[in-house]
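Residues per chain are reported as follows:
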Amino acid sequence: MRTQSRREFIRTVGLAAASAEMLAVLPGGDSMAQAQRVGRKKPNVILVITDDQGYGDLGCHGNPVIKTPNLDKLHGESVRLTDFHVDPTCSPTRSALMTGHYSTRTGVWHTIMGRSLLGRHEVTMADVFSANSYRTGIFGKWHLGDNYPYRPQDRGFDEVLIHGGGGVGQGPDYWANDYFDDTYLHNGRLEKFAGYCTDVWFDGALRFIEANRDQPFFCYLTTNAPHGPYNVADKYSKPYRDKGVPDRQANFYGMITNIDENMGRLMERLKAWGLEENTVLIFMTDNGTSGGHSAGMRGKKGSEYEGGHRVPFFIRWPGGDLAGGRDVERLAAHVDVLPTLIGLCGLERPGGVKFDGASLVRLLRGRARRWPDRTLLVHSQRIERPEKWRKSAVMTDRWRLINGKELYDIKADPAQKNDVADGHPAVVGQLRESYERWWADLSKGFDDYCEIVIGSGKQNPTRLMSHDWHSPNPAWSQGAVLRGSKANGFWAVEVERDGTYEIALRRWPVEVNRPITAAISKGRAISATTARIKIADADVTKPIPDEAAEVTFRVTLKAGKTRLQTWFADETGDSRGAYYAYVERL
């Protein structure tokens, strides 16, 4: 079957839901009773995902230290997927969540290096909701591309309030953001906000919900907390330090306590506005813990073992019979969320799109008497081109095959201490065959790039940052810029139109506007006398004037895919790339 493109889906999808999927929404198939209960209005959806909070970083999951009363309450009111898995790091999880496809299929298998950009062909969750007459909004962390055509506003979101890159204060983010009183991107424009980052995201989400309370909405509330750096107000971390928790972990737990406080605020507002009954509220996290409690599992964030990718998943919809507190123990994953929401909400699904995941509606409603055994896969590549078996987990309800070699009976050995591969060669063989089929299918796209488009009316000028260099060691952070990291790489770009382009090379972003060679704050001065660009057929070198903040080149480019690479070099030939390049079609 040919996969329908994102553009085709948006152009052709109807607004009426398929009748079979409407029935999937209705418990017992009682359409009249359900219609009366929800007033024939499709349910709202709020998907909350936190960053680097693991399965064990919740009071309701047995953490003896952390206090999460509001999330504990939501746990008690929700259907819980207790064997729910994501990829072991940020962008891969988000790409799978947004598309229902394995992350590697979407072009995403890293968090930097141009491998965190969501393939243009993919239909996103926001596309699906938007095409079904929902208002859509994102608040917080996107981490699937900072440039056209990868930004959330290019991928189906109407309202956008986000930071740049993979975290507040990373290279693509506004310079010197530190979680407090920062400058973020609001509908494509930089805007200064007062307050703590998590509070800002929830404030924005609540404004969006209130403004759209009379029509269906999809709200993607995606906090950067508790991702490092672990910055939080003392009132949240001090109670943990007073209990003897080390400073770093106390801050990590304090960030989660702040999230919990905001979750309480969200749930109270939904009730006050009369939205609680007909709102699907989901809480999940994007990978295993980075600074907290692994709940007895092996591994943390980034690991192929259970602690790296098994995470909480709570779903509550009082008006849709998803409430009351119930565990679902069957294997599930991030790729299941989009097909499940299509079924729950009675949405028109994108024609020709074959999901890697499955709708879990029958499981969630307790009607899955014959649920098939499934094999699911996650992995953590974090390199330019994926390597077979690298940091991989092939999973069934009972088994975990790790890196193609180790086998664990997860029911008998949840801590994954005893490798039983030698005793179950047939199981190892079956799981390896599943992986081989998956690899053969997905590896077709491993050499493709997700090119950043330059010269488009959708974004002109375009700011490129070294976070997206294709390079073994890109300068992805503001810390690398401060240090004057001797790194380089190229941006994969696509020139949208023939024309004359101006390319300005900078060490510091425009909001800093300091000389290329100068140090700021705790940074280092660098030695550089020449600037060079290479793009398509153009290869040009210029001297760097004294005290220059940028060196500007003007080149004539033909439409098409190419690479842009830059250099700042001194008389000895010692060099580094320009961390920022501003490209404008004139």
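One structure accompanies this document, and this report is about it. Small disclaimer: the values here were computed from a predicted structure and weren't measured.

## Some points on unusual backbone geometry
Part 1 of the argument: Of the consecutive residues Gly 228 and Pro 229, the connecting peptide bond is found in the cis state with omega at 0°.
Part 2 of the argument: Mapping Pro 229 onto the fold places it in the loop between strand S8 (217-222) and helix H8 (234-241).
Part 3 of the argument: In the Ramachandran plot, Met 113 falls in the positive-phi region, its phi being about 65° despite a non-glycine side chain.
Part 4 of the argument: When you line up the elements, Met 113 lands in the loop between helix H5 (90-99) and helix H6 (125-131).
Part 5 of the argument: Residue class for Met 113 comes out buried when judged on its relative accessible area of 3%.
Part 6 of the argument: For His 143, which is not a glycine, the phi torsion comes out positive at approximately 60°.
Part 7 of the argument: With respect to the helices and strands, His 143 occurs in the loop between strand S4 (135-140) and strand S5 (159-162).
Part 8 of the argument: Since its relative accessible area comes to 6%, His 143 is described here as buried.

## What about the packing of aromatic side chains?
Part 1 of the argument: Per the stated rule, a full pass over the model turns up 28 aromatic pairs.
Part 2 of the argument: Taking the centre distance of 5.2 Å and the plane angle of 45° together, the rings of Phe 180 and Tyr 196 count as tilted. Of this pair, Phe 180 sits in the loop between S5 and strand S6 (183-186) while Tyr 196 sits in the loop between strand S7 (189-192) and helix H7 (197-211), placing them 16 residues apart in sequence.
Part 3 of the argument: When its relative accessible area of 6% is taken as the criterion, Tyr 196 is described as buried.

## A short note on empty space enclosed by the protein
Part 1 of the argument: The full count for this structure, using the stated rule, is 2 cavities of 30 Å³ or more.
Part 2 of the argument: Taken as a whole, the largest cavity holds about 50 Å³ of empty space.
Part 3 of the argument: Partitioned by chemical class, the residues of the lining of the largest cavity number 8 nonpolar, 1 polar and 1 charged.
Part 4 of the argument: The computed volume of the second largest cavity comes to approximately 30 Å³.
Part 5 of the argument: If you go around the second largest cavity, the residues you meet are Asp 87, Tyr 102, Ser 103, Thr 104, Leu 377, Val 378, His 379 and Trp 438.
Part 6 of the argument: Considering every element that reaches the lining of the second largest cavity, the biggest residue donor is strand S14 (residues 376-379), with 3 residues.

What counts, and at which threshold
- Residues numbered from 1 in each chain as written.
- Predicted model: local features only at pLDDT ≥ 70, side-chain atom pairs only at ≥ 80, totals over all residues.
- Heavy atoms only, no water.
- Helix = DSSP H or I, 4+ residues; strand = E, 2+ residues; numbered from the N terminus.
- Buried < 20%, exposed > 50% of the residue type's maximum accessible area, 1.4 Å probe, protein only.
- Phe/Tyr/Trp six-rings, centres within 6.5 Å; stacked < 30°, edge-to-face > 60°.
- 1 Å grid on protein atoms, 1.4 Å probe; cavity = no way out; pocket = protein on both sides within 12 Å on 5 of 7 lines; lining within 4 Å.
- Points joined across faces, edges and corners; volume = space filled by probe spheres on them.
- Nonpolar A, V, L, I, M, F, W, Y, C, P; charged D, E, K, R; others polar.

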